[in-house]
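As a plain string of letters, each chain reads:
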Amino acid sequence: MTGRDALLCRGCAGRLYAVCTTDTGGGRKSRGAAAVGEWEVDHEMPVLCPLSGLLPLTGTAAAVHDLPGAHEVLGPPV
């Protein structure tokens, strides 16, 4: 996530990566609406974490914080 705040894990305070592929074919986004993407979020490095059963966090959303379960996994930005 270049140019954005780092994502932190609520379980271990480790850094998370987020990868998004956006549908540019017009299948999921409509005119004037936010682009919807397929997300994957996980730890940058393997760590022992009490939330490891919830990661990788994947799904479809307009923003990473809109993913189902994001509030349980994503900590506040640095």
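Okay, so let's go over this structure.

Calculation rules
- Residues numbered from 1 in each chain as written.
- Predicted model: local features only at pLDDT ≥ 70, side-chain atom pairs only at ≥ 80, totals over all residues.
- Heavy atoms only, no water.
- Helix = DSSP H or I, 4+ residues; strand = E, 2+ residues; numbered from the N terminus.
- Buried < 20%, exposed > 50% of the residue type's maximum accessible area, 1.4 Å probe, protein only.
- Contact = heavy atoms within 4.5 Å.
- Disulfide = S-S within 2.5 Å.
- Core = buried A, V, L, I, M, F, W, Y, C linked by side-chain atoms within 4.5 Å.
- Pairing = 2+ DSSP bridges.

1. Observations concerning the overall build of the protein
Phase 1 of the analysis: Check the secondary structure of the protein and you find 1 helix and 4 strands.
Phase 2 of the analysis: A burial count over the protein gives 31% of its 78 residues as buried.
Phase 3 of the analysis: Within the protein, residue pairs in contact and separated by at least 24 positions form 46% of the contacts whose partners lie at least 6 positions apart.

2. Some thoughts on the state of the cysteines
Phase 1 of the analysis: This structure, assessed with the given rule, holds 0 disulfides.
Phase 2 of the analysis: Looking at Cys-49, it has no disulfide partner, and the nearest cysteine sulfur is the one in Cys-9, 3.5 Å off.

3. Let's talk about the nonpolar core
Phase 1 of the analysis: Formed by 16 residues in total, the largest nonpolar core has its most connected members in Leu-16, Val-41, Val-64, Leu-67 and Leu-74.
Phase 2 of the analysis: Apart from residues no more than four positions distant in its own chain, Val-64 is found in contact with Leu-7, Ala-18, Trp-39, Val-41, Ala-70 and Leu-74.

4. So, the sheet that holds strand S3 (residues 37-43)
Phase 1 of the analysis: The strand order across the open sheet formed by 4 strands is S1-S2-S3-S4, and the pairing between neighbours is antiparallel. Two strands bound the open sheet, and with one partner strand each, they are strand S1 (7-8) and strand S4 (57-61).
Phase 2 of the analysis: Sheet topology note: the strand S2 (residues 15-22)/S3 ladder contains 7 bridges and is antiparallel. Looking at the pairing, Thr-21 lines up with Glu-38 of S3.

5. Brief notes about the side chain of His-43
Phase 1 of the analysis: Mapped onto the elements of the fold, His-43 is located in strand S3.
Phase 2 of the analysis: A relative accessible area of 11% places His-43 in the buried class.
Phase 3 of the analysis: In this structure His-43 touches Cys-9, Cys-12, Arg-15, Leu-16, Tyr-17, Cys-49 and Leu-55, once residues within four positions along its chain are discounted.

6. Some thoughts on unusual backbone geometry
Phase 1 of the analysis: With an omega of 5°, the peptide bond running from Leu-55 to Pro-56 counts as cis.
Phase 2 of the analysis: With respect to the element layout, Pro-56 can be found in the loop between S3 and S4.
Phase 3 of the analysis: Phi angles above zero are rare outside glycine, and Ala-13 is one such case at about 65°.
Phase 4 of the analysis: As for its placement among the helices and strands, Ala-13 is situated in the loop between S1 and S2.
Phase 5 of the analysis: For Ala-13, a relative accessible area of 54% gives the class exposed.

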